[in-house]
Amino acid sequence: MMDGAYFTSRKDILDFFNELLELNLTKIEQTASGAVACQLTEYIFPGSIPLKKVKWDAKNDYEYIQNYKLLQVAFTKHRVQRHVDVDRLIRGKYQDNLEFCQWMKAFFEQAGGAGRDDYDPVASRSAGKGGKKATDHFAKTAKNHNSKLLPTDRQQRQNLSSKSRPNAPTRKAVEPKGKKPLGQRIKSNRQVGDTKKDAAELMEKNSSLETRNEELELTLTAIEKERDFYFEKLRDIEVMLQDHEENAETSNAEDLIQNVFKVLYATSEDQLVLDGEGDVLDDGIEPPYEEPEPPYEEPEPPIESDKADSYADRGDDLLNETFGNGANDTGDSLLT
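Quick summary incoming for the structure in this document. (Residues numbered from 1 in each chain as written. Predicted model: local features only at pLDDT ≥ 70, side-chain atom pairs only at ≥ 80, totals over all residues. Heavy atoms only, no water.)

### Quick look at the overall build of the protein chain
- If you tally the helices and strands in the protein chain, you get 12 helices and 0 strands.
- Reading the secondary structure of the protein chain in the N-to-C direction produces α-α-α-α-α-α-α-α-α-α-α-α.
- The burial tally for the protein chain puts 30% of its 336 residues in the buried class.
- Pairs at least 24 residues apart make up 64% of the contacts formed inside the protein chain by residues separated by at least 6 positions.
- Taken as a whole, the protein chain presents about 24200 Å² of accessible surface, with 50% of it coming from carbon and sulfur. (Helix = DSSP H or I, 4+ residues; strand = E, 2+ residues; numbered from the N terminus. Buried < 20%, exposed > 50% of the residue type's maximum accessible area, 1.4 Å probe, protein only. Contact = heavy atoms within 4.5 Å. Areas by Shrake-Rupley, 256 points an atom, 1.4 Å probe, with all protein chains shown as cover.)

In structure tokens:
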């Protein structure tokens, strides 16, 4: 993930260190002691390295190694997966230290090294050995390395040499006004937009959670009320059954069944009161069913007069066929 970091130029790296930590580095090899890496790591992870143990005026390999030990401990503590090849770095070779500095700069940017407004780099490193005179030390040791100076450094040397000549015109470096420190610019570029977006998302999520919490409270209240309602029903039925069991000889099973149904079909608005014997005193609740009425039988309709005459004629004909033609007259005489 650091591949793009190795295209960073040495000028950008030196400007980065000089501006952030207020140094005067002119060559990459000046970072070989590990002191610069220690201060940058402590900037990213405050308190991770005791800067009073860092040796800024280190000249020997064993002093370099002490600085890198502090760096490696900080990496291990914060789970930074980077192997530091101390044997190659302490040799002071340009390419080895360039690659490590490129990685350090990229790690600073990816780790979110936000600006520390109250950070004083000069005062922070002054606690270490030679920290107060670190800039003087780097100015003296620049000539001990083989890499070329940056164009700006060559211009500064020319200005210094021109000052030694009489009546030589001099130029005063003018620092740009209104330019924020590097750490603050990184913070404004990376975090301001993300902070507004995160704040809006958190507010929306908080509103949703509040609404959900109100709904859950209402649901919980309704469930608790319904639970108590049905518990009272079961308790009343239990009292009835216990009384019936104790007084099995005198208790009426039909009355018990009716009372159980009254309790089961009672609503929250009904007022049920049980006496000491488990009977419902005042309920006003109709039983769940009533005795069925006998089935309704529809009466037969009356026979019409025309149909009655036809039935009489058919009866006369039947008598005459059975007993002769005088049977009908005989029957009539007997009736009279």
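Now that the structure is up, let's keep going.
### Topic: the pattern of salt bridges
- A full pass over the atoms with the stated rule returns 6 salt bridges.
- Close ionic contact of Lys 11 with Asp 15 constitutes a salt bridge, the shortest N to O distance being 2.9 Å. Of this pair, Lys 11 and Asp 15 are both found in helix H1 (residues 10-21), 4 residues apart, which corresponds to roughly one turn of the helix.
- According to the relative accessible area criterion, Lys 11 is partly exposed, its value standing at 39%.
- Lys 105 serves as the salt-bridge partner of Glu 109, at 2.7 Å between the closest nitrogen and oxygen. With Glu 109 and Lys 105 both in helix H5 (residues 94-110) and 4 residues apart, this pair spans about one turn of that helix. (Salt bridge = Lys/Arg side-chain N within 4 Å of Asp/Glu carboxyl O.)

### Focus on the packing of helix H2 (residues 35-44) against helix H3 (residues 61-77)
- At a minimum axis separation of 9 Å, H2 and H3 run at an interaxial angle of 30°. Relative to H3, the element H2 lies roughly parallel. H2 and H3 meet at a crossing whose hand is left-handed. Note on element contacts: H3 touches H2 through Asn 67, Leu 70, Leu 71, Ala 74 and Phe 75, opposite Ala 35, Ala 37, Cys 38 and Thr 41. (Axes fitted to C-alpha atoms, helices over the stretch in contact; angles between N-to-C directions. Parallel < 35°, antiparallel > 145°, perpendicular 65-115°, else oblique. Left-handed = near helix turned anticlockwise from the far one by under 90°.)

### Describing H3
- Spanning 17 residues, H3 covers 24 Å between terminal C-alpha atoms, matching the ideal 24 Å at 1.5 Å per step.
- Residues Glu 63, Tyr 64, Asn 67, Tyr 68, Leu 70, Leu 71, Ala 74 and Phe 75 constitute the buried set of H3. One side of H3 carries all its buried residues, which in axial view fall inside an arc of 150°. Away from the buried face of H3 by more than 90 degrees, exposed residues Tyr 62, Val 73, Thr 76 and Lys 77 are located.
- Positive backbone phi, at 55°, marks Arg 79, one or two positions downstream of H3. (Expected span 1.5 Å × (residues − 1). Arc of directions from axis to C-beta.)

### Here's the deal with unusual backbone geometry
- In this structure, Glu 22 takes a positive phi of about 55° despite not being glycine.
- Looking at the secondary structure, you find Glu 22 in the loop between H1 and H2.
- In this structure Glu 22 comes out as partly exposed when scored by relative accessible area, which is 42%.
- Even without a glycine there, the phi angle at Arg 79 is positive, about 55°.
- Position of Arg 79 among the secondary structure elements: in the loop between H3 and helix H4 (86-89).
- Judged by relative accessible area, Arg 79 falls into the exposed class, the value being 76%.

### Considering empty space enclosed by the protein
- Within the structure shown, the criterion is met by 1 cavity of 30 Å³ or more.
- The calculated volume of the largest cavity comes to roughly 40 Å³.
- For the largest cavity, the full set of lining residues is Phe 17, Thr 31, Val 36, Ala 37, Phe 100, Cys 101 and Met 104.
- Elements represented by at least two residues in the lining of the largest cavity include exactly H2 and H5.
- When residues of the lining of the largest cavity are assigned to their parent elements, the largest contribution, 3 residues, is made by H5.
- Of the residues that constitute the lining of the largest cavity, the class distribution is 6 nonpolar, 1 polar and no charged. (1 Å grid on protein atoms, 1.4 Å probe; cavity = no way out; pocket = protein on both sides within 12 Å on 5 of 7 lines; lining within 4 Å. Points joined across faces, edges and corners; volume = space filled by probe spheres on them. Nonpolar A, V, L, I, M, F, W, Y, C, P; charged D, E, K, R; others polar.)

### Points about the packing of aromatic side chains
- Applying the stated criterion across every chain, the model contains 12 aromatic pairs.
- Taken together, a centroid distance of 6.4 Å and an interplanar angle of 75° make the contact between Trp 56 and Phe 138 edge-to-face. With Trp 56 in the loop between H2 and H3 and Phe 138 in helix H7 (residues 134-141), the pair connects residues that are 82 residues apart, well separated along the chain.
- Judged by its relative accessible area of 2%, Trp 56 is buried.
- A relative accessible area of 2% places Phe 138 in the buried class.
- Between the aromatic rings of Trp 103 and Phe 107, the centroid separation amounts to 5.1 Å while the plane-to-plane angle is 5°, which identifies the pairing as stacked. Of this pair, Trp 103 and Phe 107 both sit in helix H5, 4 residues apart, roughly one helical turn.
- Ring-pair connections join several aromatic residues into one group, and the members of that group are Phe 16, Phe 17, Tyr 43, Phe 108 and Tyr 119. (Phe/Tyr/Trp six-rings, centres within 6.5 Å; stacked < 30°, edge-to-face > 60°.)

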